[in-house]
Amino acid sequence: MNTSWSRRLAPLLDAACLVVFVAIGREQHSLDSTGVTWFLTVLWPLAAGWAVGALVTKLYTRGERWGLRLAGTVVIAAVLDAVLRGTFTGRGYISVFTVVLFVFLSLITFAWRLVWLSVARWRRTVPAR
């Protein structure tokens, strides 16, 4: 993940992963909540946790050891999300939500990167026409 193009695109794809998580959660739990307010209320602690995690691990500024940086970002994001959500909603700090968040973000953020790397590797091996 060391090309400048993938580094510029990575934050956008990761943000899309966060949005997808919140949207799927709403659908899976058949929540009647609608509108931007509900969506942002659920999204902001997660986005804040992800931003802090990415800054701490230098996820978007360093290309080496990207897997460890990503794993660290996911851990930090899940923990900070739990703390922020627990502090501002009055619910418990660590919950099933935190575990599901950790697993989902791990899978989806690693998955798009692995697809990206596979396509890049494939493009290098295919002869130019």
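Here, the structure is the one placed above.
This report concerns the structure included in the present document. (Residues numbered from 1 in each chain as written. Predicted model: local features only at pLDDT ≥ 70, side-chain atom pairs only at ≥ 80, totals over all residues. Heavy atoms only, no water.)

A few points about the overall build of the protein chain
In terms of regular secondary structure, the protein chain is built from four helices and zero strands. Start at the N end of the protein chain and walk to the C end: the helices and strands fall as α-α-α-α. For the protein chain, with 129 residues in total, the buried portion stands at 30%. By sequence separation, contacts in the protein chain at least 24 residues apart represent 65% of the contacts at least 6 residues apart. (Helix = DSSP H or I, 4+ residues; strand = E, 2+ residues; numbered from the N terminus. Buried < 20%, exposed > 50% of the residue type's maximum accessible area, 1.4 Å probe, protein only. Contact = heavy atoms within 4.5 Å.)

Examining the nonpolar core
Grouped together as the largest cluster of nonpolar side chains are 21 residues, with contacts concentrated most on Val 22, Leu 46, Trp 50 and Leu 105. When residues of this core are assigned to their parent elements, the largest contribution, six residues, is made by helix α2 (residues 35–57). If near-sequence neighbours (up to four positions away) are discounted, Leu 105 is found in contact with Leu 18, Leu 46, Trp 50, Val 74 and Phe 110. (Core = buried A, V, L, I, M, F, W, Y, C linked by side-chain atoms within 4.5 Å.)

Description of helix α4 (residues 96–125)
End to end, α4 covers 43 Å across 30 residues, agreeing with the expected 44 Å (1.5 Å per residue, within 8%). Among the residues making up α4, those that are buried are Thr 98, Leu 101, Leu 105, Ser 106, Thr 109, Trp 112 and Arg 113. (Expected span 1.5 Å × (residues − 1).)

Here's the deal with the pattern of salt bridges
Applying the stated criterion across every chain yields a total of three salt bridges. We note a salt bridge from Glu 64 to Arg 69, for which the minimum N-O separation is 3.0 Å. We classify Glu 64 as partly exposed; its relative accessible area is 42%. In this structure, the salt-bridge partner of Asp 81 is Arg 85, at a minimum N-O distance of 2.8 Å. With a gap of four residues between them, Asp 81 and Arg 85 both fall in helix α3 (residues 66–89), about one helical turn apart. (Salt bridge = Lys/Arg side-chain N within 4 Å of Asp/Glu carboxyl O.)

Some thoughts on the environment of Asp 81
Taking the relative accessible area as the measure of exposure, Asp 81 reaches 0% and is therefore buried. Between the alpha carbons of Asp 81 and Tyr 93 there is a distance of 8.7 Å; along the sequence they are twelve residues apart. Excluding residues that lie within four positions of it along the chain, Asp 81 makes contacts with Pro 45, Leu 46, Phe 97 and Leu 101.

Overview of the packing of α3 against α4
Two elements in contact, α3 and α4, have axes separated by 10 Å at closest approach and are oriented at 150°. On the basis of their axis angle, the class for α3 and α4 is roughly antiparallel. The crossing of α3 and α4 is right-handed. For the pair α3 and α4, the contacting residues are Trp 66, Gly 67, Leu 70, Ala 71, Val 74, Val 75, Ala 78, Asp 81, Ala 82 and Arg 85 in the first and Phe 97, Thr 98, Leu 101, Phe 102, Leu 105, Ser 106, Thr 109, Phe 110, Arg 113, Leu 114 and Leu 117 in the second. For the contact of α3 with α4, the residue count by class is 14 nonpolar, four polar and three charged. (Axes fitted to C-alpha atoms, helices over the stretch in contact; angles between N-to-C directions. Parallel < 35°, antiparallel > 145°, perpendicular 65-115°, else oblique. Left-handed = near helix turned anticlockwise from the far one by under 90°. Nonpolar A, V, L, I, M, F, W, Y, C, P; charged D, E, K, R; others polar.)

Observations concerning the side chain of Thr 73
Mapped onto the secondary structure, Thr 73 falls in helix α3. Among the polar contacts listed, one links the side chain of Thr 73 to the side chain of Thr 57, at a separation of 2.7 Å. If sequence neighbours within four positions are ignored, Thr 73 has contacts with Trp 50, Gly 53, Ala 54, Thr 57 and Leu 59. (Polar contact = N/O pair within 3.5 Å; in protein donor to acceptor, adjacent residues only side chain to side chain.)

What to know about the side chain of Ser 106
Its location among the elements puts Ser 106 in helix α4. Separated by 2.8 Å, the side chain of Ser 106 and the backbone oxygen of Phe 102 make a polar contact.

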